[in-house]
Amino acid sequence: MTHDPMIELRATFFAECEELIEGLHDALQRLQDDCTDPETVNTVFRAVHSIKGNAGAFGLQELVDFAHGFESAMEEVRAGRVPITPESVRLFISAADRLQDLVALAQTGAPLAVAPDLVGVAPAVGLPSPEDEIDFTPTPLALDLAEDDTRADPPIWLIRFAPAEGLYRSGNESLWILRGLSALGPMTTRCILPDDLPPPTPDNAETPLLEWEVRLQGDVTREDIAQVFDFVADVCRLDVTQTDAPLAWQPGPDVAAEPDAAKPTPATSPPGDVSPTVRVDLDRIDRLMNQVGELVINQAMLAQSITEAGLSQHASITSGLDSFMMLTRDIQESVMLIRAQPVKSLFQRMARIAREASANSGKQIRFRTEGDATEIDKTVLERLSDPLTHMVRNAVSHGIEPAAQRRAAGKPAEGSITLSASHRAGRVLIEIADDGAGIDRQKVRVAAIQRGLIAPDAQLCDAEIDNLLFSPGFSTAAQVSSLSGRGVGMDVVRSALSLLGGRIAIASSPGAGTRFSISLPLTLAVLDGMVVSAGGQTLVVPLSAIIETAMLLPERVHQLGSGRAVMMIRQDCVPLFDLGEKLGFPPRRETGAAGIVILIAQEDGRRAALIVDRIMEQRQVVIKGLSEIHGRIPGVAAATILGDGQIALILDPADLVGPAVPPFPLLKAAG
């Protein structure tokens, strides 16, 4: 198969576009918070400008046209002719969303559904409402440019570009780079031939022999020009300086006549403290992760074989095995770090979902994010998109009240939704909080009775009423809309999160708002676990959920009536139940027999005690997902293969215990 370097270059271009658009949204968010920072405006301008320049090299004309209009509008802002206001920032955010759509369409090759125009930048005088449509194309914008006639001509830049060894072999081409420069403004180009130019042959086809001199006129910076050469910065010589020479080249000794005036200044390179990066296909990382998982299993099997052979007493073997274990763990942690991705890109997608939902509902929403640098396994990150989308739309549709209702309640007309992420107890905690009216529990109760989910005389606490929201098909919406009312939402969220080993909890106060908390594992690949025996079965309890272990002594167990038992641990009364019994295994312990207790903690701070027969070892285990044909098994997160080849279930203790503290199953050994 013939290798096509253009395919790799396009892939690199679109990967860079993702980073630029991410930075663009970041800058616009900062601009929304602080309208007076000129550097933030420059950041927006440079991001759009870079996308335009690189898109031009690939002939993506629709993308170039739209980006040019966006860039021109930002130039008016930079020049102070268009003020930064909340309305104009919202329009710029809409433009950034549209730019992202155009990049996605260009990547897939799909045709544009509509022309690349949308609500644009408003005139400097008399800003129209966001609904007024202004063509966002490279034609002159509807801006008051009366001062244009008095502005000085843009500067002329002299650019000397000499390809070095390796530029052509890496799939780059001078023509594409020159096309990228042409997107910055009018330019003229000269090719410099060496005196001893050899005839072209197959042997020197990739040997750089030609150099280029370019005169470019435009209101751009040296950094803007250097960005065009980002792909080839390490395989070329680049000199950029301003010149007083005319744009057009003159015949004869014109070039020699500008000797010192055009003495080159090195183009600005990225800061030296920025770590170099490399883009790797995710499939390669997945294969590496699977191989590391097999290495972990083989290491466990080797340790088991050494123990069974009675060789564990030999110091050299023990030392070598310990070193092997440490090396295996280091490799596994390194690969996990490679797979870890910040939630920032996902949160930015949710910000757009919130904006679209706000526009559809007619509500005023301010969407904030916190902890978007929190890292999580990329697989988990990708599968979080759908449940978070449901929850953000739910917060807009059901959480935030209409502006008139908020004013009547003494609240600002603009509602607030906050999406946050943090690490806690070896897991990732993602929260979506709003300052809306809170859950109308009476309304939820009535809807549940109408759907036959609960009996009319059922006595439910607030937590039990809140959990009705996760019932399949449940909805309190009076009518179907584009956001809600079809009975599809929170049950889908819980199902999707359970497949990720995650849990969701609700906290709501009438009139003050609602907070949904999602707890997720850091990775779906490997975890540290405690191998235990309960009911004659070997099980794994995640180490991150365990606080401590203790002996089960009869005098520390107390009954709280029929079917309830608790245990005193450090002067604290903790609900207690038998792990094997809870999982439905045949009882193996006799009444009154002693056992071992594992104290676990839940995300909300509540604790519970699990009774096991024996603690076998602490071990790093590879997570193996259960087949979908098994469905959801309460309390079971996944499975693993132990060192002796035995398959063991990995438990989700918090799910096993459930959200409620007593009642718990009666411990038969308690007497």
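Treat the numbers as computed from the prediction; the structure is a model and nothing was measured.

A. Representation of a nonpolar patch on the surface. A surface patch of nonpolar side chains, about 240 Å² in accessible area, is lined by L193, L197 and L209. Following the sequence through the fold, L197 ends up in the loop between β2 (187-192) and β3 (211-217).

B. Just helix α5 (residues 174-182), in detail. If you check which residues of α5 are buried, you get S174, I177, L178, G180 and L181. An end-on view of α5 places all buried positions within 155° of arc, on one side of the element. Of the surrounding secondary structure, the elements contacted by the buried residues of α5 are α2 (38-57), β1 (156-163), β2, β3 and α6 (222-228).

C. Inspection of the side chain of T328 at higher detail. Structurally, T328 is set in helix α8 (residues 315-339). Of note is the side chain of T328, whose polar atom sits 2.8 Å from the backbone oxygen of F324. If sequence neighbours within four positions are ignored, T328 has contacts with L295, V296 and Q299.

D. Inspection of the sheet that holds strand β17 (residues 565-569) at higher detail. If you walk across this open sheet you meet the 6 strands as β15-β19-β20-β18-β17-β16, and the pairing is mixed. Sheet topology places β15 (546-552) and β16 (557-559) at the edges, where each strand pairs with a single neighbour. Mean inter-strand twist for the sheet, computed between neighbouring axes without regard to direction, equals 35°. Pairing of β17 with strand β18 (residues 572-578), which is carried by 4 bridges, proceeds in the antiparallel orientation. Residue pairing for β18: V566 is matched across the bridge by P575.

E. Representation of the confidence of the model for the protein chain in the model. Looking at the protein chain as a whole, the pLDDT averages 76, with 80% of positions reaching at least 70. Mean pLDDT per element in the protein chain: strand β5 (residues 265-266) is the minimum at 36, and β1 is the maximum at 91. With pLDDT under 50 throughout, residues 113-151 is counted as low confidence; its partners more than four residues away or in other chains account for 72 contacts. A low-confidence stretch, residues 660-671 (pLDDT under 50), is modelled with 36 contacts involving residues beyond four sequence positions or located in other chains.

F. Region of interest: the packing of aromatic side chains. Inspection of the entire model under this criterion finds 3 aromatic pairs. Lying across the ring of F45, R78 places its NZ or CZ 3.7 Å from the centre. Lying over the aromatic face of F577, K582 brings its terminal NZ or CZ to 5.8 Å of the ring centre.

G. Quick peek at the environment of M74. Within the element layout of this structure, M74 appears in helix α3 (residues 61-78). Looking at M74, the relative accessible area reads 0%, which means it is buried. Residues contacting M74, with those up to four places away along its chain left out, are V41, V44, F45 and F92.

H. Up close: the pairing of strand β22 (residues 636-641). The pairing of β22 with strand β23 (residues 647-651) spans 5 bridges and is antiparallel. Bridge assignment links V636 to a residue of β23, and that residue is L651. Counting the residues in the hairpin turn of β22 and β23 gives 5 residues, including G645, whose phi is positive at 85°.

I. The arrangement of the pattern of salt bridges in detail. All chains considered together, the criterion is met by 22 salt bridges. R355 is the salt-bridge partner of D97, the closest N and O atoms lying 2.6 Å from each other. Here D97, found in helix α4 (residues 86-108), pairs with R355, found in helix α9 (residues 344-361); they are 258 residues apart in sequence, far enough to count as distant. Its relative accessible area of 8% is what places D97 among the buried residues.

J. Layout of the environment of D435. On the secondary structure map, D435 appears in the loop between β10 (427-434) and α13 (441-450). D435 sits in the partly exposed class, given a relative accessible area of 23%. Sequence-wise, D435 and G399 are 36 residues apart; in three dimensions their C-alpha atoms are separated by 7.6 Å. A distance of 3.0 Å separates the side chain of D435 from the side chain of R406, its partner in a polar contact.

K. Representation of the sheet that holds strand β11 (residues 503-509). Overall, mixed pairing links the 5 strands, which are arranged β7-β9-β10-β12-β11 in an open sheet. Each end of this open sheet is capped by a strand with a single partner; those strands are β7 (365-370) and β11. On average, each strand axis in the sheet is tilted by 15° relative to the strand beside it, whichever way the strands run. Relative to β10, strand β9 (residues 415-424) is paired through 8 bridges, and the arrangement is antiparallel. Across the sheet, A421 pairs through a bridge with I430, a residue of β10.

How each quantity is defined
Residues numbered from 1 in each chain as written. Predicted model: local features only at pLDDT ≥ 70, side-chain atom pairs only at ≥ 80, totals over all residues. Heavy atoms only, no water. Patch = residues over 30% accessible without salt bridge, like charges linked within 9 Å, V, L, I, M, F, W, Y side chains within 5 Å. Areas by Shrake-Rupley, 256 points an atom, 1.4 Å probe, with all protein chains shown as cover. Salt bridge = Lys/Arg side-chain N within 4 Å of Asp/Glu carboxyl O. Helix = DSSP H or I, 4+ residues; strand = E, 2+ residues; numbered from the N terminus. Buried < 20%, exposed > 50% of the residue type's maximum accessible area, 1.4 Å probe, protein only. Arc of directions from axis to C-beta. Contact = heavy atoms within 4.5 Å. Polar contact = N/O pair within 3.5 Å; in protein donor to acceptor, adjacent residues only side chain to side chain. Pairing = 2+ DSSP bridges. Axes fitted to C-alpha atoms, helices over the stretch in contact; angles between N-to-C directions. pLDDT = per-residue confidence, 0-100. Phe/Tyr/Trp six-rings, centres within 6.5 Å; stacked < 30°, edge-to-face > 60°. Lys NZ or Arg CZ within 6 Å of the ring centre and 35° of its normal.

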